[in-house]
Each structure stands twice: as structure tokens, then as C-alpha cells.
Amino acid sequence: MSFPHLTAVVTLLALLAYVWMGVRVGGARRTSGIAAPAMSGDPTLERYLRVQGNTLEWLPIFLGSLWLFAHYWGDLLAAGLGLVWIVGRVLYAIGYSASADKRELGFMVQMIASAVLLFGALGKAVVSALA
């Protein structure tokens, strides 16, 4: 089996998306005038912080599942699902940044991609372990 280069690219793109979210928090801090370590006081800043925090909460689930899925099911399929996850996170970030009630579509997209990666890897691991 060769190294999953596409999965590596998607991993780095996911990390860049997370960096982008952090940069947006910095911009919201400048716009609101609320300096760190304060985390509240401006609804826009709070939404940007929540986008970044929620993405950080999902990254371990996504990255672990992505790489195990790539191992068991192949690089191309894993990378494709990883791109869907990134699109979902970007949709989530854009929607939630505008209004908390606009986050659902992006959240659902990334959650479904994560579930396919997680349960796909788990299923194949169990079958492989029992074989």
C-alpha cells in the first residue's frame, strides 16, 4: 500500500481551514475592540469563537477517522469524504458567523461526513480483526 497522499493534502487543507477560522477570530476581536483573554461582550465575536471552538472539538474525530478510513478503504474515497467535511465546516463557519440559526446545513454536512469516516473505519477494522 502506498502512502495516502490525497488524504495528506486534505488533512493540511482542514488545518488551513482551522487557521482561517482563527484569523477570523482575530479580526472580530479588532472590530469589536475586545482584547484577549475576554471571550464575551460582542455577539459577532462570540459566534466566531464558537465556530473555532466547535471545529477544534471535531478535529480529533475527523482526523483519526479520516486516516483510518484511508487505510481501510483507500486514499481517494477518504480524501473525497474529507473534502466534504471541509466544505461542511466552511458552510458552518459562514452561516454561524452571520447568525446562530444559519449553522445547521454546514453542521449536518460535516457530521454526516464524519459519521461515514468513523463508522466506515470502525466497521472495516472490526471485520479485519475478526478475519
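Our subject is the structure listed above.
Below, the structure is looked at part by part. Keep in mind it's a predicted model, so treat the numbers as computed, not measured.

Description of the environment of W73
Position of W73 among the secondary structure elements: in helix 2 (residues 43-73). Classification of W73 as partly exposed rests on a relative accessible area of 44%. Discounting chain neighbours no more than four positions away, the residues touching W73 are G120, A121 and K124.

A closer look at helix 2
Under the 1.5 Å per step criterion, the end-to-end length of helix 2 is 42 Å for 31 residues, consistent within 8% with the ideal 45 Å. At W58, helix 2 shows its strongest bend, of approximately 35 degrees, with the proline P60 following within four residues. Among the residues trailing helix 2, G74 stands out with phi positive, at a value near 115 degrees.

Quick notes on the packing of helix 1 (residues 5-32) against helix 2
Angle between the axes and distance between the axes are the two parameters that describe a pair of packed helices. The N-to-C vectors of helix 1 and helix 2 enclose an angle of 170 degrees; their axes lie 9 Å apart at closest approach. As far as their axial angle goes, helix 2 and helix 1 are roughly antiparallel. Looking at the contact of helix 1 with helix 2 residue by residue, the classes come out as 19 nonpolar, 6 polar and 2 charged.

Focus on unusual backbone geometry
That bond from A36 to P37 is cis: its omega, 15 degrees, falls within 30 degrees of zero. With respect to the helices and strands, P37 occurs in the loop between helix 1 and helix 2.

Examining the nonpolar core
Membership of the largest hydrophobic core comes to 17 residues, with the highest contact counts inside it found for V10, F62, L66, F69, W85 and L117. Per-element accounting of this core gives the leading share, 6 residues, to helix 2. Sequence-distant contacts of L117, that is, excluding residues within four places in its chain, are made with F62, S65, L66, F69, A78 and L81. The next biggest cluster of nonpolar side chains, apart from the first, holds 6 residues, and it includes V25, A28, I34 and L45.

Reading guide: rules and limits
- Residues numbered from 1 in each chain as written.
- Predicted model: local features only at pLDDT ≥ 70, side-chain atom pairs only at ≥ 80, totals over all residues.
- Heavy atoms only, no water.
- Helix = DSSP H or I, 4+ residues; strand = E, 2+ residues; numbered from the N terminus.
- Buried < 20%, exposed > 50% of the residue type's maximum accessible area, 1.4 Å probe, protein only.
- Contact = heavy atoms within 4.5 Å.
- Expected span 1.5 Å × (residues − 1).
- Bend = angle between axes of the 7 residues up to and from the residue.
- Axes fitted to C-alpha atoms, helices over the stretch in contact; angles between N-to-C directions.
- Parallel < 35°, antiparallel > 145°, perpendicular 65-115°, else oblique.
- Nonpolar A, V, L, I, M, F, W, Y, C, P; charged D, E, K, R; others polar.
- Core = buried A, V, L, I, M, F, W, Y, C linked by side-chain atoms within 4.5 Å.

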